[in-house]
Amino acid sequence: MEKIRIIIADDHQLFRNGLKLLLNSFPGFEVTGEASNGNEFLEVIKNTDADIALMDINMPEMDGIEATRKGLRIKPALSIIALSMYGEEEYYYKMVDAGAKGFLLKDSDISEVKEAILTVVRG
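Please read these numbers as outputs of a predicted model, since none were measured by experiment.

Student: Residue-level account of the environment of Asn 37, with values.
Tutor: Mapped onto the elements of the fold, Asn 37 is located in the loop between strand E2 (29–35) and helix H2 (38–47). A relative accessible area of 5% means that Asn 37 is categorised as buried. As for Asn 37 and Met 85, which are separated by 48 residues in sequence, their C-alpha atoms are 16 Å apart. Look past the residues within four positions of Asn 37 in its chain and what remains in contact with it is Met 59, Pro 60, Glu 61 and Met 62. Here the side chain of Asn 37 touches Asn 39 through a polar contact of 2.9 Å, landing on its backbone nitrogen.

See below:
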């Protein structure tokens, strides 16, 4: 089985590092790229093969909603899962409208993150 390739877009370095460490510990998962804002994300996806992007909503320069919209124009096959500290429906609907396939709260357990990735990859 090929590895599931993942990009993490979040403006907090410590969060990205921790999530990357946890995801890379799962057989079949590989973090292939990282971005600290929406503009960086758009550059990363041009040069990085990935199946999934974990996208923070609230980032500087370009937020995750706009980065999702623009990123899917560049790579329509990329599946994006929104990451947020906020559980308000408003954020959920904005990300789904932008093209996200899933939504996770940042306080989710890593097993929930893994299951969300597998669910989205399976369609």
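Student: Describe the packing of aromatic side chains, with residues and values.
Tutor: If you walk through the whole model with that rule in mind, you get 3 aromatic pairs. Measuring from ring centre to ring centre gives 5.2 Å for Tyr 92 and Tyr 93, while their planes differ by 75°; the resulting arrangement is edge-to-face. Positioned over the ring face of Phe 15 is Lys 106, at 4.8 Å from the centre of the ring.

Student: Describe the pattern of salt bridges, listing the residues and the values that go with them.
Tutor: Using the criterion set out here, one finds 10 salt bridges in the structure. Salt-bridge contacts for Lys 106 lead to Asp 56; the nearest nitrogen and oxygen are separated by 3.5 Å. Here Asp 56 lies in strand E3 (residues 52–56) and Lys 106 lies in the loop between strand E5 (102–105) and helix H5 (110–121), a separation of 50 residues in the sequence. Considered together, Lys 106 and Asp 56 belong to a single accessibility category, that of buried residues. Between Arg 122 and Glu 115 there is a salt bridge, with the nearest N and O atoms lying 3.8 Å from each other.

Student: With reference to specific residues and values, describe the environment of Glu 61.
Tutor: On the secondary structure map, Glu 61 appears in the loop between E3 and helix H3 (64–74). For the pair formed by Glu 61 and Val 121, sequence separation is 60 residues and the distance between their alpha carbons is 29 Å. Setting aside residues no more than four positions away along its own chain, Glu 61 makes contact with Asn 37 and Asn 39. Polar side-chain contacts of Glu 61 include one of 3.3 Å to the side chain of Asn 37.

Reading the values: the criteria
Residues numbered from 1 in each chain as written. Predicted model: local features only at pLDDT ≥ 70, side-chain atom pairs only at ≥ 80, totals over all residues. Heavy atoms only, no water. Helix = DSSP H or I, 4+ residues; strand = E, 2+ residues; numbered from the N terminus. Buried < 20%, exposed > 50% of the residue type's maximum accessible area, 1.4 Å probe, protein only. Contact = heavy atoms within 4.5 Å. Polar contact = N/O pair within 3.5 Å; in protein donor to acceptor, adjacent residues only side chain to side chain. Phe/Tyr/Trp six-rings, centres within 6.5 Å; stacked < 30°, edge-to-face > 60°. Lys NZ or Arg CZ within 6 Å of the ring centre and 35° of its normal. Salt bridge = Lys/Arg side-chain N within 4 Å of Asp/Glu carboxyl O.

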